[in-house]
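One letter stands for each residue in the lines below.
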Amino acid sequence: MKNVAVVGGGLMGSGIAEVSARAGHDVIVVESSDDAAKAALGRLEKSLVRAEAKGKIASASDVLGLIRVETDLGAVADREVVVEAIVEDEAAKVALFKSLDAIVEAPDAILASNTSSIPIMKLGVVTTRPTQVIGIHFFNPVPVLQLVELVPSLLTSEDTTARSRAWVEGSLGKQAIDCQDRAGFVVNALLIPFILSAIRMFESGFASAEDIDRGLVLGAAHPQGPLALADLIGLDTTKAVAESLYDEFKEPLYAAPPLLQRMVDAGLLGRKTGRGFYTYA
Ligand SMILES: CC(=O)CC(=O)SCCNC(=O)CCNC(=O)[C@H](O)C(C)(C)COP(=O)(O)OP(=O)(O)OC[C@H]1O[C@@H](n2cnc3c(N)ncnc32)[C@H](O)[C@@H]1OP(=O)(O)O
Ligand SMILES: NC(=O)C1=CN([C@@H]2O[C@H](COP(=O)(O)OP(=O)(O)OC[C@H]3O[C@@H](n4cnc5c(N)ncnc54)[C@H](O)[C@@H]3O)[C@@H](O)[C@H]2O)C=CC1
């Protein structure tokens, strides 16, 4: 699969577009407005310039030359693989998969979602080709982290799973794990309750954000603490993933704590808005 579309060019979509172009693929990114398209292009340029400065790629402009950012979803019609990376909102994703089903022409094209937590079946069944719908879940930051979770639904064909694996491992150089189609898959089903516990600890006044994070960095060798990680993921996404998990399993450990809800209400979404548990320049 050499021609790829990524729908949603935010934090994750721009990373997926970057690693695809770095693997030599022809990439179309679709964004929802001109301003969002400009922001996506800015993220791509910044990341590729950094990769070039670090000697990881020969030329940022050559890689950028493989990527087109569009605002018309019709641009994805000729793609072999489409990776959806829009906001973590089931209704928005359902609407998008219905549109993709009508637009994408290749009869064997793969329609993938990068969702963090929404069961893939909910997206597959709204299309006429659920055998070709699969979760291909990358991790943040995409150019750095090796893992991809492969999440076939009960209706996904073995051929779709095999071609998805060949693409992420063979072409993109990532490492895949296989997951059942349950909210949160493997990593977020474990990681999100850990982050929510850290938020509850901070909310209760038990320890400062800095001490909670330093504790996990220095005492458990995590690359960053859970509150800094929530700021990296985005508090809106963290809350949405918690809600999907709670909806599926009804376990209190998945319930979003009030502080997380209030921070999202306030627009304190972490790095993306400049303020979450920490402030960013
Ligand atoms: C919510 C979901 O559905 C699933 C998820 O993704 S959950 C989130 C999973 N992600 C994690 O757990 C991230 C944990 N944190 C980390 O791995 C690290 O803290 C980090 C990579 C984010 C930053 O690492 P750091 O050592 O503090 O910073 P820094 O020195 O700037 O970066 C380390 C390397 O990563 C690269 N890097 C960091 N951020 C990057 C980015 N956004 N894009 C590209 N490269 C990046 C740097 O260039 C640097 O590369 P070199 O070693 O080759 O120089
Ligand atoms: N943030 C993270 O650490 C991770 C997020 N994910 C998942 O990836 C997806 C995207 O997350 P982020 O990139 O963090 O979000 P984000 O908010 O940074 O980006 C979402 C982008 O989608 C665009 N968009 C929204 N609706 C659209 C539409 N209908 N058509 C085209 N573009 C549209 C927005 O303009 C925005 O740029 C979510 O499903 C999330 O759960 C997966 C792994 C890690």
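Residues numbered from 1 in each chain as written. Chains lettered and ligands numbered in written order. Predicted model: local features only at pLDDT ≥ 70, side-chain atom pairs only at ≥ 80, totals over all residues. Heavy atoms only, no water.

**Student:** Got a minute to help me understand the site of ligand 1 in this structure?
**Tutor:** In the neighbourhood of ligand 1, 17 residues make up the surrounding shell, with R50, K54, S116, H137 and N140 lying closest. Within the side chain of H137, a nitrogen or oxygen atom sits 2.8 Å from an oxygen atom of ligand 1. In this structure, Q224 approaches ligand 1 through a side-chain N or O atom, which is 3.0 Å from a nitrogen atom. Considering ligand 1 on its own, with 1,000 Å² of exposed area, one finds that the protein chains cover 62% of that surface. Elements with a contribution of two residues or more to the shell around ligand 1: α7 (187-203) and α9 (226-233). Of the residues belonging to the shell around ligand 1, the class tally is nine nonpolar, five polar and three charged. (Near = heavy atom within 4 Å. Polar contact = N/O pair within 3.5 Å; in protein donor to acceptor, adjacent residues only side chain to side chain. Areas by Shrake-Rupley, 256 points an atom, 1.4 Å probe, with all protein chains shown as cover. Helix = DSSP H or I, 4+ residues; strand = E, 2+ residues; numbered from the N terminus. Nonpolar A, V, L, I, M, F, W, Y, C, P; charged D, E, K, R; others polar.)

**Student:** Any chance you could explain unusual backbone geometry here in plain terms?
**Tutor:** Negative phi characterises most residues that are not glycine, and trans characterises most peptide bonds. The step from N140 to P141 runs through a cis peptide bond, and the omega angle for that step is 0°. Relative to the helices and strands, P141 is located in the loop between β6 (133-138) and β7 (147-152). Here A221, not a glycine, exhibits a phi torsion of approximately 55°, which is positive. By the secondary structure assignment, A221 is in the loop between α8 (209-220) and α9. The backbone of K250 sits at a positive phi, close to 55°, despite the residue not being glycine.

**Student:** Explain the UniProt feature "domain: 3-hydroxyacyl-CoA dehydrogenase NAD binding" (unreviewed entry) in the protein chain to me, please; I cannot follow it from the model alone.
**Tutor:** Under the UniProt annotation, "domain: 3-hydroxyacyl-CoA dehydrogenase NAD binding" (unreviewed entry) lies at residues 3-181. The straight-line gap between the two end C-alpha atoms of residues 3-181 is 26 Å; of that span, 39% is helix and 21% is strand. (UniProt positions renumbered as here; feature names shortened; annotations may be inferred.)

**Student:** How do you make sense of the packing of aromatic side chains when you look at a structure like this?
**Tutor:** Taken as a whole and assessed by the stated rule, the structure comprises three aromatic pairs. Here the aromatic rings of F138 and W167 are separated by 6.4 Å at their centres, their planes lie at 80°, and the arrangement is edge-to-face. With F138 in strand β6 and W167 in helix α6 (residues 158-171), this pair connects stretches of sequence that are 29 residues apart. Neither F138 nor W167 differs from the other in exposure class; each is buried. Aromatic pair F249 and Y254: ring centres 5.7 Å apart, planes at 40°, arrangement tilted. (Phe/Tyr/Trp six-rings, centres within 6.5 Å; stacked < 30°, edge-to-face > 60°. Buried < 20%, exposed > 50% of the residue type's maximum accessible area, 1.4 Å probe, protein only.)

**Student:** Honestly, the nonpolar core in this entry has me stumped. Any pointers?
**Tutor:** A general feature of soluble globular proteins is that nonpolar side chains tend to end up buried together. Grouped together as the largest cluster of nonpolar side chains are 32 residues, with contacts concentrated most on V6, I16, V27, I136, F138, W167 and V168. If you tally residues by element for this core, the top one is helix α1 (residues 11-22), at five residues. Beyond its immediate sequence surroundings of up to four residues, V6 is in contact with G13, I16, A17, V27, I28, V29, V30, V83 and A85. Core analysis: the second largest hydrophobic core is formed by 28 residues, I192, I195, L227 and V264 among them. (Core = buried A, V, L, I, M, F, W, Y, C linked by side-chain atoms within 4.5 Å. Contact = heavy atoms within 4.5 Å.)

**Student:** Would you explain the site of ligand 2 in this entry?
**Tutor:** Close contacts around ligand 2 come from 22 residues, with M12, E31, E88, K93 and S116 the closest. The separation between an oxygen atom of ligand 2 and a polar main-chain atom of L11 is 3.0 Å. Between ligand 2 and the protein, one listed contact pairs an oxygen atom with a side-chain N or O atom of E31 at 2.4 Å. When the free accessible area of ligand 2 is taken as 830 Å², the share hidden by the protein chains comes to 83%. At the level of secondary structure, the elements contributing two or more residues to the shell around ligand 2 comprise α1 and β6. Partitioning the shell around ligand 2 into residue classes produces nine nonpolar, nine polar and four charged.

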